[in-house]
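Here's the letter readout for the chains.
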Amino acid sequence: MKKILVIGAGGQIGTELTAYLREIYGAKNVIASDIRATLHPDLMEGGPFIRMDAMDSRQVYQVIQREKAGQVYFLAAILSAVCEKNPEMAWDVNMGCLNSVLRVAHELKFRMFVPSSIGAFGSTTPKHNTPQLTIQRPNSIYGVTKVAGELLCDYYHDKYGVDVRGVRYPGIISNVVPPGGGTTDYAVDIYHKAVKYKTFTSYLKEDTFLDMMYMPDALKAAVSLMEADHDKLHFHNAYNVSAMSFSPKMQAEAIRKHIPGFTVRYDIDPVRQCIADSWPDIMDDSAARHDWGWSPDHDLGSMTKEMIEVLNDRFHKGK
Ligand code: NAD
Ligand code: SER
């Protein structure tokens, strides 16, 4: 089989996606790559790794040609809260890396997965059941790069026939590597603090609802879309995918079922609160369900149970 390259493999999604792809397609067929020199040890030991700067399209071209990669999962990016601290860098990295890899995809003809985000929406977008096609005027620089990225992918698909596919992920919750500096990171950290200290300080207000997804569903979405029949895809890029919607208060209540006495206090970060207020509560993902059979396996209850079990084993039993 042709090889698969994961660009940005060292991050929250890439670390688990690379392991998942290696289970499906075989370890030697899935190459991890990142600008970082070292990734999670399981990733470094579990298969091939190439250090690469995705902004350098010559290097990207050489690696993909040499390795004969037929699919690229493109995950290199900077997330919303970090973007807001350095908007120039946000634009340069998020757009520079994507543009570089799309140019190579046009020349070498590989299939590409590019995730967009709930961040591609803004305060003028309908918040509840956000439609697949709707107003997209984000007020964060991260969101600006996400909308521009969606449009650039559409352009390469429509103009040059590049088989580039993607979803709009909600906030992703996981337990292998920490999230990279987004607005939704609180929803991961809350589990760590609950298991370690039975108390947590939230930077978002207790009634801030956001669209969220557990990592196993995020991995399933990526691979299902990449394996889907091209002719059945009406959108190709930026498919809304949803799994659950909750607020910090609701998440704390779900945690209290397993950790009685868990407490939350609130110390609001205005920057992340403003971003969160402009993002969907929950997206309408009927196009993904119709075109490639999307459906999530996890809700808040099942995710919370599993997150607490895994973190309990890690922190209190040394597993
Ligand atoms: P992350 O920040 O955890 O990881 C990004 C990775 O990209 C890092 O390992 C980083 O070293 C790498 N990278 C940065 N610049 C690079 C470069 N020039 N060359 C090569 N690698 C580079 O991000 P993530 O959470 O894994 O997100 C992956 C993608 O999914 C991003 O496009 C993000 O916008 C999108 N997304 C993530 C979430 C989420 O909740 N994690 C939600 C919606 C969308
Ligand atoms: N989790 C991401 C962020 O908060 C959403 O794209 O930036």
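Details of the side chain of Asp269
Within the secondary structure, Asp269 sits in the loop between strand S15 (263-266) and helix H10 (270-277). A polar side-chain atom of Asp269 sits 3.1 Å from the main-chain amide nitrogen of Val271.

So, the site of ligand 1
Around ligand 1 lies a shell of 27 residues, among which Gln12, Asp34, Asp53, Tyr142 and Ile172 are the nearest. At 2.8 Å from a nitrogen atom of ligand 1 is found a side-chain nitrogen or oxygen belonging to Asp53. Here Ala54 contributes a backbone N or O atom positioned 2.9 Å from a nitrogen atom of ligand 1. Here ligand 1 has 830 Å² of accessible area as a free molecule, and 93% of this is covered by the chains. Listing elements by their share of the shell around ligand 1, those giving two or more residues are helix H1 (12-25), strand S6 (116-117), helix H6 (141-160) and strand S10 (171-173).

Section: the pairing of strand S1 (residues 3-7)
Counting buried residues along S1, four of its five residues qualify, which places the element largely inside the surrounding structure. Sheet topology places S1 next to strand S4 (residues 69-74); five bridges connect them, and they run parallel. Opposite Lys3, over in S4, you have Ala69 as the bridge partner. With four bridges connecting them, S1 and strand S2 (residues 30-34) associate as parallel partners. When the bridges of S2 are listed, Ile7 appears paired with Ser33. In this view, the connection linking S1 to its parallel neighbour S2 by way of H1 has right-handed handedness.

Criteria and cut-off values
- Residues numbered from 1 in each chain as written.
- Chains lettered and ligands numbered in written order.
- Predicted model: local features only at pLDDT ≥ 70, side-chain atom pairs only at ≥ 80, totals over all residues.
- Heavy atoms only, no water.
- Helix = DSSP H or I, 4+ residues; strand = E, 2+ residues; numbered from the N terminus.
- Polar contact = N/O pair within 3.5 Å; in protein donor to acceptor, adjacent residues only side chain to side chain.
- Near = heavy atom within 4 Å.
- Areas by Shrake-Rupley, 256 points an atom, 1.4 Å probe, with all protein chains shown as cover.
- Buried < 20%, exposed > 50% of the residue type's maximum accessible area, 1.4 Å probe, protein only.
- Pairing = 2+ DSSP bridges.
- Right-handed = clockwise from strand over helix to strand, strands pointing away.

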